[in-house]
Amino acid sequence: MSTTEIIELPEQTTDDEPEVLILALVARRRAVLFPRLVSPLFLGRVASLRAVEDAMLHNTTVAVVTQRAQGEISLDNLYSIGTEANVSRLITLPDGNRQAWAQGQRRIRITGILETEPYVKVTAVPIEEPEAADGREVEALSRAVLSQFERTVQLSNRLSDDAYVAAVNMEQPGGLADFIASTLGLEIPQQQALLELLDPMERLQQVSVLLAKELDLLELQRKIQTQVQSEVDKSQREYYLREQIKALQRELGESDPQTRELAELREKIEASGMPEAASTKAQQELDRLSQMPPQSPETGVIRTYVDWLVSLPWATETEDNLDLKEGARTLDANHYGLSKVKERILEFLAVRKLTGGRMRSPILCFVGAPGVGKTSLGRSIAQALGRKFVRMSLGGIRDEAEIRGHRRTYVGALPGRIITAMRNAGTVNPVFMLDEIDKVGLDFRGDPSAALLEVLDPEQNFAFSDHYLDVPYDLSKVFFITTANRMDTVLPALRDRMEVIELSGYVEEEKLGIARAFLVPRQLEEHGLKPEGLRFADGALRRIIREYTREAGVRNLEREIGHICRKIARSLAQTERATKRITANGVPKFLGPRRFYWGAAEEQDEIGVATGVAWTETGGDLMGIEVTLMEGKGQLILTGRLGEVMRESAQAGLSYARSKGAELGIKPKFFEKTDVHVHAPEGAVPKEGPSAGITMATALISALTRRATRRDVAMTGEITLRGRVLPIGGVREKVLAAHRAGIRTFILPKKNEKDLLDVPKDVRRDMTFVFVEQMDQVLAVALAPASIQKAAAA
Ligand code: ADP
């Protein structure tokens, strides 16, 4: 059966009439066959197979046309332009399907369907390609497209270099366009559109546009790939290098630094005797560390943390020296006097010895003015017990984090000061001194005293929590000693936890003893002077105490002794000659004119002045009160930073004076025309309390009656409107202060008589005490017996 029969041919075909072909149809669904190109034909349909077999048998061509959609073959369902092709090499594929090869010849337009059995035959007319017009234009476009295609082949991993060679060998622009179009993996409609684009130049241009798009994509793809590749390359390179280092180190019998460090840290954790919770935590952190690349910034943070954990004392403990005799010797060797305090410490040692060290350490609180030896006592206790000594000042701490540290999530976080001090101590049972517990601040950043309460509470401090450490730390073996200048500003909750030991100021004899036995030898040594090279006469020391210092402790005394030693050392260094003995007369040569007047002998009795005693943080001191009267309207003017209570007691003093006006010989109208100015010199120091009451009243009455007051008399006591004298506090400190200043007569409220028992005997012996209940009694002693001048005239 012949397939290329020409049926119903027009009678004659002339040259200008188109040739009409009758061809067996091979419809395709997923490809477009371009002229001049070879492509496999899958022959899934029986009809297609028969068509190909017939064509091969009769050596005729077939029409290869793409279907618009799946389904029955009809003119509507076929693209109208297809390709006439030769078929050859019919084979059976391994899966049983049949395949032949088709070689495209030329474009054809399908004009109709002739018959459908046993396969479809169509009528078609061939389409001749128009000649490309301008040779130069063709050449230029072809070259451009070829170079685009060359780049595409380079970049694409789908196309081989052969494709480019084949493209170069395409002679016609139309052929070039068809070839490239077939290689680009275009969608069917796009391919078909190119097949239908008959003008070769237009087709080539279209291909150029498609190539440009493709190139764009390929370039982007390549860029991404190179980036990815270089990342991969870098990390692989590092990995290999590191592996090589490890291998080399293994060869040399070394391990790499990180592994070594981790191993060391693990050993330290084992050795530190940490409790379970802490060592688990430390191990966990080490595990995290070992899994981290060494250059990660977090490794530093973890390492510091583990370092802190292992460097803290967890189990290291010093053994207490419980030898009482030796303890007593140590205390005496470092401190003069202070027998009560020393006794208390020895008692503690004794109890500890009896209980075999199981007893909890008490929390001591040393209260006293600066320089009375609180710190040095703490040191001696540590020395006597054979414990380490650490110290931390609480003055001005406002932030809880200073005590407890910051959480590790903070940049640069560190443990708080308690834990830092424990690390410095290096043992779990040091003597830990917390200075200035009366100066802990309160504010918005958490309450530091709450943290302190935890530290000082034996029920809680076995598991002290530091924010940084994050594991409980046992402070229960620590011997805490706190210090304070005054007790009234210490939080009551804190006060309850401590055993308060007061260190009141020293009297002159004690200071002398301390200077002779401790301060002078120490200063000599510090200045490189030999003990026999320089001696201080007692008179000299006494003069320094009286005229160059006025303090409860001995800090300034030590400083002044130091001054003298320095001057001696200097002249020794310069001239090799210096005084060998400091006498009372020689003191001003070194220390300049005296700074304080001692005793009242040299001072004149005066009108409108009285001497009281104030208690301050640095111990007690004399406080003069001055009164002047001016013409005015009966106002009371108060200056010298007087507190509320003190102002009230001035008011009370004035009212008392007015009520006694007649007795004192003051005219009633006098007060209406007079302003009274009460002043307490040394204005910068705040003064408060009712105990200056009788002093102010005395000064007032002295001014009003023009009677002078005795300057060798000092007084303290509260006054009522009716002139009764009420007791006051701090008798011991006040008496000592008056004694220091050389006062020999001291007026005290009767009710305070019992408090004198606290005053050292020597001092009591030195002074005369007058106990009073009424203001009259005060005036009788304080006002000079002198010529009673008439009350201030009016
Ligand atoms: P505080 O801590 O109370 O301010 P310090 O302990 O710093 O006082 O004492 C100041 C100086 O005075 C220290 O050098 C200390 O040795 C010395 N000192 C104080 N009291 C005595 C004393 N009773 N015996 C020997 N030296 C003392």
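Keep in mind the model is a prediction, meaning the values are calculated, not measured. (Residues numbered from 1 in each chain as written. Predicted model: local features only at pLDDT ≥ 70, side-chain atom pairs only at ≥ 80, totals over all residues. Heavy atoms only, no water.)

Caption draft 1: Summary view of the environment of Leu 452. Along the chain, Leu 452 falls in helix α15 (residues 448–456). The spacing of Leu 452 and Arg 260 is 192 residues in sequence and 40 Å in space, taken between C-alpha atoms. Not counting residues within four places of it along the chain, the set of residues in contact with Leu 452 comprises Leu 394, Ile 403, Leu 434, Ile 437, Val 440 and Leu 494. (Helix = DSSP H or I, 4+ residues; strand = E, 2+ residues; numbered from the N terminus. Contact = heavy atoms within 4.5 Å.)

Caption draft 2: Up close: the site of the ligand. Around the ligand sit 19 residues, and of these Gly 371, Lys 374, Thr 375, Arg 522 and Arg 555 come closest. One of the backbone N or O atoms of Tyr 336 is found 2.9 Å from a nitrogen atom in the ligand. Glu 558 places a polar side-chain atom, nitrogen or oxygen, 3.0 Å from an oxygen atom of the ligand. For the ligand, whose accessible area on its own is 560 Å², the fraction buried by protein is 90%. When contributions to the shell around the ligand are tallied by element, the ones reaching two or more residues are α12 (374–385), α17 (508–526) and α19 (555–575). (Near = heavy atom within 4 Å. Polar contact = N/O pair within 3.5 Å; in protein donor to acceptor, adjacent residues only side chain to side chain. Areas by Shrake-Rupley, 256 points an atom, 1.4 Å probe, with all protein chains shown as cover.)

Caption draft 3: The sheet that holds strand β10 (residues 479–484), seen in detail. Spatially, 5 strands are ordered β8-β9-β10-β7-β11 in an open sheet, and the strand pairing comes out parallel. Sheet topology places β8 (389–393) and β11 (499–502) at the edges, where each strand pairs with a single neighbour. Recorded for the sheet is a direction-independent mean angle of 20 degrees between the axes of neighbouring strands. Where strand β9 (residues 431–435) and β10 come together, 4 bridges link them in parallel fashion. Note on β10: the bridge partner recorded for Met 433 is Ile 481. (Pairing = 2+ DSSP bridges. Axes fitted to C-alpha atoms, helices over the stretch in contact; angles between N-to-C directions.)

Caption draft 4: A look at the pattern of salt bridges. One pass over the full model with this rule turns up 40 salt bridges. Between Arg 542 and Glu 508 there is a salt bridge whose closest N-O contact spans 2.9 Å. Note that Arg 542 is positioned in helix α18 (residues 538–548) and Glu 508 in helix α17, a separation of 34 residues in sequence. On the basis of relative accessibility, which here comes to 24%, the residue Arg 542 falls in the partly exposed class. Looking at Glu 508, the relative accessible area reads 7%, which means it is buried. Lys 660 is the salt-bridge partner of Glu 663, the closest N and O atoms lying 3.5 Å from each other. Salt bridges sharing partners connect three or more residues here, namely Arg 36, Arg 107, Asp 178 and Arg 203. (Salt bridge = Lys/Arg side-chain N within 4 Å of Asp/Glu carboxyl O. Buried < 20%, exposed > 50% of the residue type's maximum accessible area, 1.4 Å probe, protein only.)

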